[in-house]
Amino acid sequence: MTDHPAPEEFHVYDTTLRDGAQQEGLRLSVADKLRIAASLDELGVTFIEGGWPGANPSDTKFFEAMRDGEVPLRNATLSAFGFTRRVGRRAADDPMIAAVRDSGASVACLVAKSHQRHVEHALRASLQENLAMIADSVSHLVGEGQRVFLDAEHFFDGYRTNRAYSLEVVRTAAEAGAEVVVLCDTNGGMLPSWMHDIVCDAAEIGVDLGIHCHNDSGCAVANTLAAVEGGAMHIQGTINGYGERTGNADLLQVVANLELKFGWRVLPEGALAEATRISHAVAAVTNVPGSPRQPYVGGSAFAHKAGLHASAIRVDPNLYQHIDPAVVGNDMRTLVSDMAGRANIQLKGEELGFDLSDRDLASRITDTVKEREGRGYSYEAADASFELLLRDTLDQLPEPFSVCSWQVHTHSTDGRGETDTHATVRLAAKGKEQVFEGEGNGPVNALDQALRRALEQAYPQVSAYELTDYRVRILDQGHGTDAGVRVLIDTSDESRAWTTVGVGENVIEASWEALSDAYLYGLITA
């Protein structure tokens, strides 16, 4: 816990819908933004920056939808982003200021230049005119009844170039009525010790300060925390660290550190336990999945592979974990690989509901795993296949079907045009042996169709199984086209998802093993 006391008022300001949406390859529809806004409100952030009304049709429509009550906010307050008035205009006559004023958002967050060179070269204004633009814009919106925050763009780089002017920007905004002046590390190049010293200096002005960090130096989260220790009471960031270039400060990491390391309460009670779920929910909408190694909420955040670690964790999970994963809604995972020791196997068995307390049994399974991993299997990525191996070793593997034979045939008339692929599967299920054929887009799809048709006769639930991902890895890259291969297949139904692995001398053989195991696992664990 930090000795730094929590401020009386603290803001968690999310800009996923605006700054996060500037990430390369990320495009949000109005419906997407509404769904994300609902998740952010559920998390309990203080403010949701909805975008820049008037700047593009999508953002304008989003604010219209929010004004119409499509997503009633229970915890968060909606904020509209905009720029200070243009050079030579009055704020009252500026159409972009009007769009922010008329957005329906009770909070306006205006961005202003605070770097001398940006004022003179990008804005093409005098330093005094820039200050007048800030004062006019802030005072106008305050007079119209909006709460106003000011983002001081390029503040830290500007401070190091002309300290007096950057601080004057902060002072001008405060005197015009801005509730919070947000200091922005727009280029993301700061380091935590620099950040802390500069924020402490700016805090002498006496206005509430915020912090907005980009991650170009890999320090966005650390810089945000350093700014908080320097006096910032308002943090800006994005879910999963989305944003332009290398992204923004990951808001989930920041709030987790504030709650779990500083000991502050910055979200509603119990909300932090939803962090992992909300991270994944937002990723599903953006179609930009977070890294498995993402702190706190990533799939690998509490995954243990080394045998030494697993052995210690059996005694006390905290020996190799800095927090209980449950407090952020995550889980501890034990990975099974050629690095696994007996403790890994025993822990993994317990996770899956099997008693592997017998040391000789656990050692025998460990040896089997190491031998199979040496042949190319990868069980750390395929829990379903590992469970099948366990069940087989323990004589607890049901046989809902048995495959008698399978074959696949691909035919092309001229060697260049379209091909026809047919698969045949002979299997027995519920005492009845039959032959089924499948036709598909390539041999794996044809085999999938034939196996599905065969099993649906006996097990109608198979119709809900869906192959969601298919990955091939060449195992002996120096052998060229005759190298062995590993195939991983992800399968899901209405409520579950699982992964199986197959290894073979060719891609079809490996695919068949992973495919048939996927159906077997689905049936015996339904």
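The name given to the chain in an unreviewed UniProt entry is Citramalate synthase, with the source organism recorded as Enemella dayhoffiae. UniProt, in the comment section headed Sequence similarities (unreviewed entry), describes the chain in these words: "Belongs to the alpha-IPM synthase/homocitrate synthase family." One UniProt comment on the chain, placed under Pathway (unreviewed entry), says "Amino-acid biosynthesis; L-isoleucine biosynthesis; 2-oxobutanoate from pyruvate: step 1/3."

Colleague: I'd love a proper account of the overall build of the chain, names of residues and values included.
Modeller: Summing up its helical and strand segments, the chain has 17 helices and 16 strands in all. Viewed in the frame of its principal axes, the chain has a C-alpha envelope of about 85 × 60 × 45 Å. Across the 526 residues of the chain, 52% fall into the buried class. Counting every atom, the chain has about 23400 Å² of accessible surface; 45% of that belongs to carbon and sulfur. Here the chain contributes 45 positively and 76 negatively charged side chains, and the mean placements of these two sets differ by 2 Å.

Colleague: Outline the sheet that holds strand β12 (residues 419-429), listing residues and values.
Modeller: Reading across the sheet, the three strands line up as β11-β12-β13 and stay open at both edges, with antiparallel pairing between neighbours. On the outer flanks of this sheet lie β11 (401-412) and β13 (432-439), each paired with one strand and no other. If you compare each strand with its neighbour and ignore which way they point, the axes differ by 10° on average. In terms of strand pairing, β12 meets β13 through eight bridges, oriented antiparallel. By the bridge assignment for β13, alanine 429 is matched with lysine 432. Packed onto the sheet, helix α16 (residues 443-456) meets β11, β12 and β13 and runs at close to 35° relative to β12. Against the sheet, helix α17 (residues 507-524) makes contact with β11 and β12, and its axis sits at roughly 140° relative to β11, the strand it touches most.

Colleague: Residues and numbers for the packing of α16 against α17, please.
Modeller: Running from amino to carboxyl end, α16 crosses α17 at an angle of 30°, the nearest separation of the two axes being 10 Å. The angle between α16 and α17 falls in the class roughly parallel. Like other packed secondary-structure pairs, α16 and α17 cross with a definite hand, here right-handed. Taken together, the residues of α17 that come into contact with α16 (itself represented by Pro443, Val444, Leu447, Asp448, Leu451, Arg452 and Leu455) are Ile508, Ser511, Trp512, Leu515, Ser516 and Tyr519. Partitioning the contact of α16 with α17 into residue classes produces nine nonpolar, two polar and two charged.

Colleague: Before we move on, could you go through unusual backbone geometry and cite the residues and values that matter?
Modeller: The backbone of histidine 154 shows a phi angle near 55°, a positive value even though the residue is not glycine. By the secondary structure assignment, histidine 154 is in the loop between β5 (147-153) and α6 (155-161). Even without a glycine there, the phi angle at lysine 430 is positive, about 55°. Along the chain, the position of lysine 430 falls in the loop between β12 and β13.

Colleague: Can you lay out the pattern of salt bridges for me, pointing to particular residues and giving the numbers?
Modeller: With the rule as written, the count across this model stands at 24 salt bridges. In this structure, the salt-bridge partner of glutamate 42 is arginine 277, at a minimum N-O distance of 2.5 Å. Separated by 235 residues along the polypeptide, glutamate 42 in helix α1 (residues 30-43) and arginine 277 in helix α11 (residues 275-286) bring together distant segments of the chain. Judged by its relative accessible area of 39%, arginine 277 falls in the partly exposed class. Taken together, the shared-partner salt bridges in this structure form one network comprising Arg18, Asp19 and Glu49.

Colleague: Account for the side chain of aspartate 32, with residues named and values stated.
Modeller: By the element assignment, aspartate 32 lies in helix α1. At 4.5 Å, arginine 35 is the nearest oppositely charged side chain to aspartate 32, a buried residue that forms no salt bridge.

Colleague: Give me the lowdown on the domain arrangement of the chain, citing residues and values where you can.
Modeller: Domain parsing of the chain yields domain 1 (11-286), domain 2 (303-375) and domain 3 (401-458). Computed over C-alpha atoms only, the centres of domain 1 and domain 2 are separated by 43 Å. Of the roughly 510 Å² buried between domain 1 and domain 2 on both sides combined, carbon and sulfur atoms contribute 56%. The largest per-residue losses of area from domain 1 upon contact with domain 2 belong to Leu260, Lys261 and Thr276, which jointly make up 66% of the total buried on that side. Remark: the boundary between domain 1 and domain 2 carries three residue pairs in polar contact (both at pLDDT 80 or more). Along the lines of polarity and charge, the residues of the side of domain 1 that touches domain 2 split into four nonpolar, one polar and one charged.

Colleague: Could you give an account of helix α15 (residues 383-393), naming the residues involved and the relevant values?
Modeller: An α-helical turn contains 3.6 residues, so a residue and the one three or four places further along point in the same direction. In terms of burial, α15 is a largely internal element, eight of the eleven residues being buried. Turning to α15, its buried residues are Ala384, Ser385, Phe386, Glu387, Leu388, Leu389, Leu390 and Arg391. A positive phi of about 55° marks aspartate 395, the residue just after α15.

Colleague: Which residues make up the packing of helix α14 (residues 359-374) against α15, and what values do they have?
Modeller: Where α14 contacts α15, the axes come no closer than 11 Å and their chain directions differ by 135°. With respect to α15, the axis of α14 lies oblique. Handedness of the α14/α15 crossing: right-handed. Note on element contacts: α15 touches α14 through Phe386, Leu389, Leu390 and Thr393, opposite Leu361, Arg364, Ile365, Thr368, Val369 and Arg372. Here the contact of α14 with α15 is built from residues that sort into six nonpolar, two polar and two charged.

What counts, and where the lines are drawn
- Residues numbered from 1 in each chain as written.
- Predicted model: local features only at pLDDT ≥ 70, side-chain atom pairs only at ≥ 80, totals over all residues.
- Heavy atoms only, no water.
- UniProt positions renumbered as here; feature names shortened; annotations may be inferred.
- Helix = DSSP H or I, 4+ residues; strand = E, 2+ residues; numbered from the N terminus.
- Buried < 20%, exposed > 50% of the residue type's maximum accessible area, 1.4 Å probe, protein only.
- Areas by Shrake-Rupley, 256 points an atom, 1.4 Å probe, with all protein chains shown as cover.
- Lys, Arg positive; Asp, Glu negative; His and termini not counted.
- Charge placed at Lys NZ, Arg CZ, Asp CG, Glu CD.
- Pairing = 2+ DSSP bridges.
- Axes fitted to C-alpha atoms, helices over the stretch in contact; angles between N-to-C directions.
- Contact = heavy atoms within 4.5 Å.
- Parallel < 35°, antiparallel > 145°, perpendicular 65-115°, else oblique.
- Left-handed = near helix turned anticlockwise from the far one by under 90°.
- Nonpolar A, V, L, I, M, F, W, Y, C, P; charged D, E, K, R; others polar.
- Salt bridge = Lys/Arg side-chain N within 4 Å of Asp/Glu carboxyl O.
- Domains from an automatic or database assignment.
- Buried area = accessible area lost by both parts, 1.4 Å probe.
- Polar contact = N/O pair within 3.5 Å; in protein donor to acceptor, adjacent residues only side chain to side chain.

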